[in-house]
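Per-entry structural report
One-letter residues, chain by chain:
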Amino acid sequence: MSINLSGKTCLVTGGAGGLGKIIATRYLQAGANVVICDINQDRLEHTSEELTVGDNASRLLTIKTDITSASDVQTLFQEIVARFQKLDILINNAGIMDRFDPVGELDEDLWNRVIAVNLTAPYLLSKLAVQDMLKRDVVDGRIVNIVSVAGKAGFAAGAAYTASKHGLVGLTKNTATFYGSKGIRCNALMLGGMDTNITDAFMTGVNMEGKDKAMDMMTAAKLAMCDVDQVADLCLSITCGPGSSLINGTCIPVDQGLTGWLG
(Lines give C-alpha, C1' and ligand atoms only; values in the text may rest on other atoms or scores of the structure.)
Protein backbone atom coordinates (compact mmCIF):
# COMPACT_ATOMS: atom_id res chain seq x y z
CA MET A 1 0.00 0.00 0.00
CA SER A 2 1.49 3.32 -1.11
CA ILE A 3 0.46 6.39 0.91
CA ASN A 4 1.68 9.86 -0.03
CA LEU A 5 1.47 12.34 2.84
CA SER A 6 3.51 15.12 1.28
CA GLY A 7 2.45 18.42 2.84
CA LYS A 8 0.83 16.77 5.87
CA THR A 9 2.17 17.24 9.39
CA CYS A 10 2.03 14.54 12.06
CA LEU A 11 2.82 14.81 15.78
CA VAL A 12 3.81 11.64 17.66
CA THR A 13 4.07 11.90 21.43
CA GLY A 14 6.59 9.66 23.15
CA GLY A 15 8.11 9.29 19.70
CA ALA A 16 11.76 8.89 20.69
CA GLY A 17 11.48 5.18 21.44
CA GLY A 18 9.40 2.03 21.18
CA LEU A 19 6.21 2.07 19.15
CA GLY A 20 6.21 5.88 18.87
CA LYS A 21 9.56 5.87 17.10
CA ILE A 22 8.41 3.28 14.58
CA ILE A 23 5.14 5.15 13.97
CA ALA A 24 7.11 8.36 13.38
CA THR A 25 9.34 6.50 10.93
CA ARG A 26 6.32 5.27 8.97
CA TYR A 27 4.95 8.79 8.56
CA LEU A 28 8.36 10.06 7.47
CA GLN A 29 8.56 7.27 4.89
CA ALA A 30 5.12 8.33 3.62
CA GLY A 31 6.44 11.86 3.01
CA ALA A 32 4.86 13.68 5.96
CA ASN A 33 6.42 16.34 8.11
CA VAL A 34 6.89 14.63 11.47
CA VAL A 35 7.17 16.17 14.93
CA ILE A 36 8.40 13.94 17.75
CA CYS A 37 8.02 15.08 21.33
CA ASP A 38 9.42 13.21 24.30
CA ILE A 39 10.51 13.93 27.86
CA ASN A 40 13.85 12.16 27.40
CA GLN A 41 16.39 14.49 25.79
CA ASP A 42 19.02 11.77 25.21
CA ARG A 43 16.56 9.55 23.38
CA LEU A 44 15.36 12.52 21.34
CA GLU A 45 18.88 13.34 20.21
CA HIS A 46 19.63 9.72 19.33
CA THR A 47 16.36 9.35 17.41
CA SER A 48 16.94 12.63 15.56
CA GLU A 49 20.38 11.44 14.44
CA GLU A 50 18.99 8.08 13.38
CA LEU A 51 16.03 9.42 11.39
CA THR A 52 17.70 12.45 9.83
CA VAL A 53 18.66 10.86 6.53
CA GLY A 54 18.12 12.16 3.00
CA ASP A 55 15.38 14.77 2.84
CA ASN A 56 14.12 13.78 6.28
CA ALA A 57 16.17 16.59 7.81
CA SER A 58 13.78 19.21 6.49
CA ARG A 59 10.70 17.23 7.54
CA LEU A 60 11.66 16.12 11.06
CA LEU A 61 11.34 18.21 14.20
CA THR A 62 12.14 16.87 17.68
CA ILE A 63 11.09 18.80 20.78
CA LYS A 64 11.60 17.98 24.44
CA THR A 65 8.18 18.36 26.04
CA ASP A 66 6.49 17.59 29.32
CA ILE A 67 3.09 16.75 27.89
CA THR A 68 1.49 16.99 31.34
CA SER A 69 2.28 20.72 31.37
CA ALA A 70 -0.27 22.95 29.62
CA SER A 71 2.41 25.59 29.02
CA ASP A 72 4.81 23.05 27.52
CA VAL A 73 2.09 21.75 25.22
CA GLN A 74 1.24 25.30 24.16
CA THR A 75 4.89 25.94 23.35
CA LEU A 76 5.04 22.66 21.42
CA PHE A 77 2.16 23.72 19.18
CA GLN A 78 3.64 27.14 18.65
CA GLU A 79 6.85 25.51 17.41
CA ILE A 80 4.91 23.15 15.14
CA VAL A 81 3.00 26.02 13.53
CA ALA A 82 6.16 28.12 13.21
CA ARG A 83 7.95 25.29 11.38
CA PHE A 84 5.18 23.55 9.40
CA GLN A 85 2.23 26.03 9.61
CA LYS A 86 -0.32 23.40 10.68
CA LEU A 87 -1.03 20.01 12.23
CA ASP A 88 -2.99 17.34 10.38
CA ILE A 89 -2.43 14.18 12.41
CA LEU A 90 -1.99 13.65 16.16
CA ILE A 91 -0.84 10.32 17.55
CA ASN A 92 -1.28 10.26 21.34
CA ASN A 93 1.23 7.48 21.95
CA ALA A 94 3.05 8.47 25.16
CA GLY A 95 2.08 6.58 28.28
CA ILE A 96 3.36 5.20 31.57
CA MET A 97 2.53 2.09 33.60
CA ASP A 98 1.46 1.83 37.21
CA ARG A 99 2.62 -0.79 39.76
CA PHE A 100 -0.47 -2.99 39.49
CA ASP A 101 -1.80 -1.52 42.74
CA PRO A 102 -5.54 -1.94 43.39
CA VAL A 103 -7.33 1.13 44.70
CA GLY A 104 -6.96 0.19 48.38
CA GLU A 105 -3.17 0.23 48.13
CA LEU A 106 -2.73 2.88 45.46
CA ASP A 107 -0.50 5.83 46.31
CA GLU A 108 -2.16 9.15 45.43
CA ASP A 109 1.00 10.54 43.85
CA LEU A 110 1.20 7.56 41.50
CA TRP A 111 -2.48 7.92 40.63
CA ASN A 112 -1.97 11.59 39.78
CA ARG A 113 1.13 10.89 37.68
CA VAL A 114 -0.46 8.09 35.64
CA ILE A 115 -3.66 10.06 35.02
CA ALA A 116 -1.61 13.12 34.07
CA VAL A 117 0.45 11.32 31.43
CA ASN A 118 -2.12 8.84 30.12
CA LEU A 119 -5.29 10.96 30.15
CA THR A 120 -4.77 14.64 30.91
CA ALA A 121 -1.94 14.94 28.39
CA PRO A 122 -4.01 13.49 25.50
CA TYR A 123 -6.76 15.95 26.48
CA LEU A 124 -4.34 18.91 26.37
CA LEU A 125 -2.86 17.79 23.05
CA SER A 126 -6.21 16.95 21.47
CA LYS A 127 -7.65 20.30 22.51
CA LEU A 128 -4.94 22.29 20.75
CA ALA A 129 -4.89 19.89 17.79
CA VAL A 130 -8.63 20.27 17.24
CA GLN A 131 -8.41 24.05 17.55
CA ASP A 132 -5.63 24.16 14.95
CA MET A 133 -7.33 21.71 12.58
CA LEU A 134 -10.56 23.70 12.63
CA LYS A 135 -8.70 26.78 11.35
CA ARG A 136 -8.19 25.18 7.93
CA ASP A 137 -10.44 26.14 5.03
CA VAL A 138 -10.86 22.41 4.39
CA VAL A 139 -10.82 20.50 7.68
CA ASP A 140 -9.28 17.04 7.38
CA GLY A 141 -7.77 16.07 10.74
CA ARG A 142 -6.93 12.73 12.31
CA ILE A 143 -6.32 11.77 15.95
CA VAL A 144 -5.25 8.31 17.09
CA ASN A 145 -5.14 7.44 20.77
CA ILE A 146 -2.96 4.49 21.77
CA VAL A 147 -4.94 2.64 24.42
CA SER A 148 -4.49 -1.01 25.54
CA VAL A 149 -6.56 -3.98 26.61
CA ALA A 150 -6.71 -2.19 29.99
CA GLY A 151 -9.17 0.17 28.33
CA LYS A 152 -11.65 -2.70 28.44
CA ALA A 153 -10.50 -5.14 31.13
CA GLY A 154 -10.44 -4.54 34.85
CA PHE A 155 -7.55 -6.83 35.69
CA ALA A 156 -5.02 -5.97 32.99
CA ALA A 157 -3.17 -3.43 35.19
CA GLY A 158 -3.53 -1.47 38.42
CA ALA A 159 -6.34 0.94 39.23
CA ALA A 160 -4.53 4.02 37.94
CA TYR A 161 -3.54 2.65 34.54
CA THR A 162 -6.91 0.94 34.08
CA ALA A 163 -8.82 4.13 34.87
CA SER A 164 -6.58 6.21 32.62
CA LYS A 165 -7.10 3.93 29.63
CA HIS A 166 -10.85 3.62 30.19
CA GLY A 167 -10.90 7.41 30.28
CA LEU A 168 -8.95 7.62 27.04
CA VAL A 169 -11.54 5.40 25.37
CA GLY A 170 -14.19 7.88 26.49
CA LEU A 171 -12.16 10.83 25.21
CA THR A 172 -11.81 9.05 21.86
CA LYS A 173 -15.53 8.48 21.46
CA ASN A 174 -16.50 11.97 22.60
CA THR A 175 -13.99 13.66 20.29
CA ALA A 176 -15.22 11.57 17.38
CA THR A 177 -18.84 12.40 18.14
CA PHE A 178 -18.39 16.16 18.40
CA TYR A 179 -15.91 16.71 15.57
CA GLY A 180 -16.50 13.93 13.05
CA SER A 181 -19.07 15.96 11.15
CA LYS A 182 -16.60 18.87 11.08
CA GLY A 183 -13.86 16.87 9.37
CA ILE A 184 -11.84 15.52 12.33
CA ARG A 185 -11.83 11.78 12.95
CA CYS A 186 -10.63 10.20 16.17
CA ASN A 187 -9.98 6.50 16.74
CA ALA A 188 -8.10 4.34 19.21
CA LEU A 189 -5.87 1.29 18.96
CA MET A 190 -6.40 -1.07 21.90
CA LEU A 191 -3.07 -2.83 22.00
CA GLY A 192 -2.07 -6.16 23.47
CA GLY A 193 1.49 -7.18 24.23
CA MET A 194 4.38 -5.81 22.18
CA ASP A 195 8.15 -5.95 22.36
CA THR A 196 8.65 -2.31 23.35
CA ASN A 197 10.23 -0.41 26.22
CA ILE A 198 6.87 -0.07 28.00
CA THR A 199 6.37 -3.84 27.86
CA ASP A 200 9.85 -4.39 29.24
CA ALA A 201 9.01 -2.04 32.10
CA PHE A 202 5.64 -3.61 32.84
CA MET A 203 6.86 -5.56 35.86
CA THR A 204 9.14 -2.85 37.26
CA GLY A 205 7.97 -1.83 40.72
CA VAL A 206 4.94 -4.14 40.74
CA ASN A 207 4.02 -4.83 44.37
CA MET A 208 4.32 -8.42 45.61
CA GLU A 209 0.56 -8.82 46.08
CA GLY A 210 0.04 -7.97 42.43
CA LYS A 211 2.86 -10.18 41.08
CA ASP A 212 0.73 -13.24 40.37
CA LYS A 213 -1.96 -11.24 38.56
CA ALA A 214 0.66 -9.30 36.63
CA MET A 215 2.42 -12.51 35.62
CA ASP A 216 -0.88 -14.05 34.48
CA MET A 217 -1.60 -10.98 32.38
CA MET A 218 1.88 -10.90 30.90
CA THR A 219 1.68 -14.62 30.06
CA ALA A 220 -1.57 -14.04 28.19
CA ALA A 221 -0.17 -10.93 26.51
CA LYS A 222 2.96 -12.72 25.37
CA LEU A 223 0.87 -15.45 23.80
CA ALA A 224 -0.79 -12.66 21.80
CA MET A 225 2.37 -10.62 21.18
CA CYS A 226 1.93 -8.19 18.29
CA ASP A 227 4.63 -7.18 15.85
CA VAL A 228 5.43 -3.51 16.46
CA ASP A 229 6.07 -2.79 12.78
CA GLN A 230 2.64 -4.11 11.86
CA VAL A 231 1.03 -2.00 14.58
CA ALA A 232 2.73 1.08 13.11
CA ASP A 233 1.51 0.11 9.64
CA LEU A 234 -2.03 -0.18 11.00
CA CYS A 235 -1.77 3.25 12.63
CA LEU A 236 -0.76 4.77 9.30
CA SER A 237 -3.54 2.90 7.52
CA ILE A 238 -6.41 4.02 9.78
CA THR A 239 -5.38 7.66 9.49
CA CYS A 240 -4.57 7.88 5.80
CA GLY A 241 -5.16 4.56 4.05
CA PRO A 242 -7.97 3.65 1.64
CA GLY A 243 -11.31 3.80 3.42
CA SER A 244 -9.88 5.54 6.48
CA SER A 245 -12.40 8.38 6.12
CA LEU A 246 -15.12 5.87 7.04
CA ILE A 247 -13.61 5.08 10.46
CA ASN A 248 -14.50 7.35 13.36
CA GLY A 249 -14.97 6.75 17.08
CA THR A 250 -13.74 3.19 16.79
CA CYS A 251 -11.60 1.37 19.36
CA ILE A 252 -9.81 -1.28 17.34
CA PRO A 253 -8.47 -4.34 19.20
CA VAL A 254 -4.88 -5.04 18.10
CA ASP A 255 -4.08 -8.04 20.26
CA GLN A 256 -4.30 -11.32 18.33
CA GLY A 257 -7.73 -11.90 19.88
CA LEU A 258 -6.72 -11.22 23.49
CA THR A 259 -9.62 -8.80 23.98
CA GLY A 260 -12.04 -11.61 23.12
CA TRP A 261 -10.34 -13.79 25.70
CA LEU A 262 -10.81 -11.06 28.32
CA GLY A 263 -14.53 -11.04 27.63
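These figures come from a predicted structure and were not determined experimentally. (Residues numbered from 1 in each chain as written. Predicted model: local features only at pLDDT ≥ 70, side-chain atom pairs only at ≥ 80, totals over all residues. Heavy atoms only, no water.)

1. Looking at the nonpolar core
It is characteristic of soluble globular proteins that their nonpolar side chains tend to be buried jointly. The condition is simple: The definition of a nonpolar core used throughout is a set of buried Ala, Val, Leu, Ile, Met, Phe, Trp, Tyr and Cys residues joined through side-chain atoms within 4.5 Å. Burial here depends on accessible area, computed with a 1.4 Å probe over protein chains only, as a share of the maximum for the residue type. Under 20% is buried, over 50% is exposed, and the range in between is partly exposed. By the criteria applied, helices consist of DSSP H or I runs no shorter than four residues and strands consist of E runs no shorter than two, each listed in order from the N terminus. Residue contacts follow a heavy-atom distance rule, with two residues in contact if any of their heavy atoms lie within 4.5 Å.
Formed by 33 residues in total, the largest nonpolar core has its most connected members in Y27, I91 and L189. Ranked by residues supplied to this core, first place goes to helix α8 (residues 228-240) with six residues. In contact with I91, not counting residues within four places along its chain, are C10, L11, V12, T13, I23, Y27, V144, I146, C235 and T239. Core analysis: the second largest hydrophobic core is formed by 25 residues, V35, L90, A176 and C186 among them.

2. Overview of the sheet that holds strand β2 (residues 33-38)
Formally: At least two bridges found by DSSP between two strands are what make those strands a pair. Comment: axis = line fitted to C-alpha atoms, over the contacting stretch for helices; angle = value between 0 and 180 degrees taken between N-to-C directions.
The strand order across the open sheet formed by seven strands is β3-β2-β1-β4-β5-β6-β7, and the pairing between neighbours is parallel. One side of each edge strand has no neighbouring strand; the edge strands of this open sheet are β3 (60-64) and β7 (251-254). Between one strand axis and the next, the sheet turns by 15° as a mean value, whatever way the strands run. Relative to the sheet, helix α2 (residues 41-51) contacts β2 and β3, its axis offset from that of β3 by approximately 175°. Docked against the sheet, helix α4 (residues 108-133) engages β1 (9-13), β4 (89-92), β5 (141-146) and β6 (184-191), running at close to 175° with respect to β4.

3. Here's the deal with the side chain of D88
Counted only if it meets this: Any pair of nitrogen or oxygen atoms within 3.5 Å is treated as a polar contact; in protein, a donor-acceptor pairing is required on top of that, and neighbouring residues in sequence qualify only through side-chain atoms on both sides.
Within the secondary structure layout, D88 lies in the loop between α3 (70-84) and β4. Within the local environment of D88, its side chain forms a polar contact with the side chain of K86, the two groups lying 2.5 Å apart. When sequence neighbours within four positions are dropped, the list of residues in contact with D88 reads G7, K8, T9, M133, D140, G141 and R142.

4. With respect to α4
As a reminder of what qualifies: Residue count minus one, scaled by 1.5 Å, sets the expected span of a helix. The angle separating two fitted axes, one through the seven residues that finish at a residue and one through the seven that start at it, defines the bend at that residue.
A rise of 1.5 Å per residue sets the reference length of α4, with its 26 residues, at 38 Å; its end C-alpha atoms lie 36 Å apart and thus fit the reference within 8%. Of all the bends found along α4, the most pronounced is centred on A116 and spans about 45°. Two or three places before D109, at the start of α4, stands the capping residue D107, its side-chain oxygen 3.0 Å from that residue's backbone nitrogen.

Function cannot be inferred from these measures alone, as they are strictly geometric.
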